[in-house]
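Here is what each chain is made of, one letter per residue.
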Amino acid sequence: MKLTWAIIILGVLTSCGGEFIPDPLDPRLPRYSEEGKNTAGCFINSEVWQAIGEAYSLANSRNQYLQITFTTDNNTIGINIGGYQGKSVDSLNTYVELAFIIDNRDTKIQSINELEGRTFVLDGDQSFGRIIDSRDFFQYDICRGAGQLHIRYASAVPDTNDEYIIAGTFSFSVDQPTCRTADVRSGRFDYRVNISPISN
Amino acid sequence: MQLLVWLSIFLLLPLGTFAQFSAYGGITASTVSKEYLVGDIQPQMGYHFGLGFQVSDSSIAPFYPGIRLEAVRNGYIQEIESVQHVIRLSYFGIAPYLNYTPLERWSTSLGVFIGGIIQARYRQGAQNIGVTENYRESDIRLQGEIEWQVYEPVNIYLNYAHGLRDLVKYADIDESGNFTGTIRDVKIRAISLGLRVNMAPFLSKL
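Please read all numbers here as calculations on a predicted model, not as lab measurements. (Residues numbered from 1 in each chain as written. Chains lettered and ligands numbered in written order. Predicted model: local features only at pLDDT ≥ 70, side-chain atom pairs only at ≥ 80, totals over all residues.)

Focus on the overall build of chain A
In terms of helices and strands, chain A carries 1 helix and 11 strands. In chain A, which comprises 200 residues, the proportion classed as buried is 47%. For chain A, long-range pairs separated by at least 24 residues make up 59% of all intrachain contacts whose partners lie at least 6 apart in sequence. (Helix = DSSP H or I, 4+ residues; strand = E, 2+ residues; numbered from the N terminus. Buried ≥ 20, exposed ≤ 12 C-beta atoms within 10 Å, placed from the backbone. Contact = placed C-beta atoms within 7 Å.)

Given below as structure tokens:
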């Protein structure tokens, strides 16, 4: 699939700060929730990756946001989550973005609500997860991970016009000859987002 | 929590008319038993204090029932990759017990602590993260105690509390992101050392 992001009709961005509630068993990760806590976490190989949401800014892309994009042709859904990785929770000093590209040609999902309850198999080809590492930009397009992405909750926030809570779990592995091997596991995210159309 | 307060008042009002009244407090060292928690568990220091009411009718010697109103702060430290994750749990509850006084200055007691959580706080390394919602609202602990009268009206005591209820009830997620079912884990184990002052001599002067 050719990744064309020239025109994006809809962007979904986080709107406020995160509330980190530790997982009761492994406090390096946020507890899985469906409340719009604006947090995410996983392990990348043996290191911790955490995201505690902040206000999104186009001027500062190195932020811990979650962004969902639906392409104009409705063939692809992208989910990007920015966070920090480190050897332990007190040394989360490397900005790393996780991206999920979902082949939407068959499912034809058009709204956030339709994501709820879906499990997307990341085959490592048409649908995939990838690690966008500030230390290793060359992997941006070529290293596609296989695994799964569960969108467990995706629903409008009552009494709001354009706010949604989206939560899920994920895992994937990058294992290609030209790529650094990466194993992303125990992933979870929970964001409160608002719709913000972007076009260019 | 409201139920506990009302239950305490209900129990203490009639007891207060013929009871020995005491105030107590001290330090608590606690840890947890665990099955699923990641990392090494280390003990956490805390404190406790409360008011005790014990039946003082000599006709029922050497067994004296009593009840305590107690606030306790304990918790545990979870060490992972040399980083300490500190959990502080604050409870308020009632502790009915049966005291046995075989000797003039020595006594033991056995009872339960039924408490409601006031607050659970979490610190990660040097960073104070704040309040967590991970712990169940109530706890039940079996308590045993040995007490020695240093001099009237001061006693020193050693108390062991054995949590009977799992404090964490959690739908765990495996490495692939699948829910693996509800997990119950984390029971408190605590040893307390403290001083108890019999308030009767002070109250009689009022």
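Remarks on the environment of Gln149 of chain B
All names here are of chain B. Positionally, Gln149 belongs in strand S8 (residues 138–151). Along the chain, Gln149 and Ile94 lie 55 residues apart, while their C-alpha atoms are 23 Å from each other. Excluding residues within four positions of it along the chain, Gln149 makes contact with Arg105 and Asn155.

Regarding the interface of chain A and chain B
If you look at the interface, chain A gives 22 residues, while chain B gives 23 residues. Secondary-structure elements contributing two or more residues to the side of chain A that touches chain B are strand S9 (146–156), strand S10 (163–174) and strand S11 (182–196) of chain A. A total of 4 residues in the side of chain A that touches chain B trace back to one element, the largest contributor, which is S11 of chain A. Residues that form the side of chain A that touches chain B fall into these classes: 9 nonpolar, 7 polar and 6 charged. (Nonpolar A, V, L, I, M, F, W, Y, C, P; charged D, E, K, R; others polar.)

A look at the confidence of the model for chain B
Note: predicted coordinates in regions of low pLDDT should not be interpreted at a detailed level. Residue and element names in this part refer to chain B. With 91% of its residues at a pLDDT of 70 or more, chain B has an overall mean of 89. Ranking the elements of chain B by mean pLDDT puts helix H1 (residues 2–15) last, at 60, and strand S9 (residues 154–163) first, at 97. In the predicted complex, the global pTM is 0.83; the interface-specific ipTM is 0.80. (pLDDT = per-residue confidence, 0-100.)

Digging into the confidence of the model for chain A
In this model, chain A carries a mean pLDDT of 82, and residues with pLDDT of at least 70 account for 81%. Contacts for the low-pLDDT stretch residues 1–11 of chain A, under 50 throughout, to residues beyond four places or in other chains number 21 contacts.

Brief notes about the nonpolar core
Counting residues in hydrophobic clusters, the biggest one holds 43 residues, and the most contacted among them are Ile44, Ile81 and Ile166 of chain A. Here this core gets 7 residues from one element, more than from any other, and that element is S10 of chain A. Leave out the neighbours within four places in its chain, and Ile44 of chain A touches Trp49, Gln85, Val96, Ile131, Ala182 and Val184 of chain A. Ranked by size, the runner-up nonpolar core spans 24 residues in total, among them Leu89, Tyr91, Phe113 and Leu167 of chain B. (Core = buried A, V, L, I, M, F, W, Y, C linked by C-beta atoms within 7 Å.)

Description of the pairing of strand S4 (residues 63–80) of chain B
All names here are of chain B. Alignment of strand S2 (residues 40–42) against S4, held across 3 bridges, turns out to be antiparallel. The residue of S4 that forms the bridge with Gln42 is Ile77. The pairing of strand S3 (residues 44–55) with S4 spans 8 bridges and is classified as antiparallel. Paired with Phe53 across the strands is Ile67, a residue of S4. Both S4 and strand S5 (residues 83–100) contribute to a ladder of 18 bridges, which runs antiparallel. (Pairing = 2+ DSSP bridges.)

Digging into the pairing of S8 of chain B
Residue and element names in this part refer to chain B. Summarising the sheet, strand S6 (residues 106–124) and S8 pair through 11 bridges and their orientation is antiparallel. Paired with Thr108 across the bridge in S8 is Ile146. By the bridge criterion, 10 bridges tie S8 to S9 in an arrangement that is antiparallel. When the bridges of S9 are listed, Glu147 appears paired with Tyr157.

Some points on unusual backbone geometry
All names here are of chain B. Between Glu152 and the following residue, Pro153, the backbone shows a cis peptide bond with an omega angle of 10°. When you line up the elements, Pro153 lands in the loop between S8 and S9. In this structure, Glu81 takes a positive phi of about 50° despite not being glycine. Relative to the helices and strands, Glu81 resides in the loop between S4 and S5.

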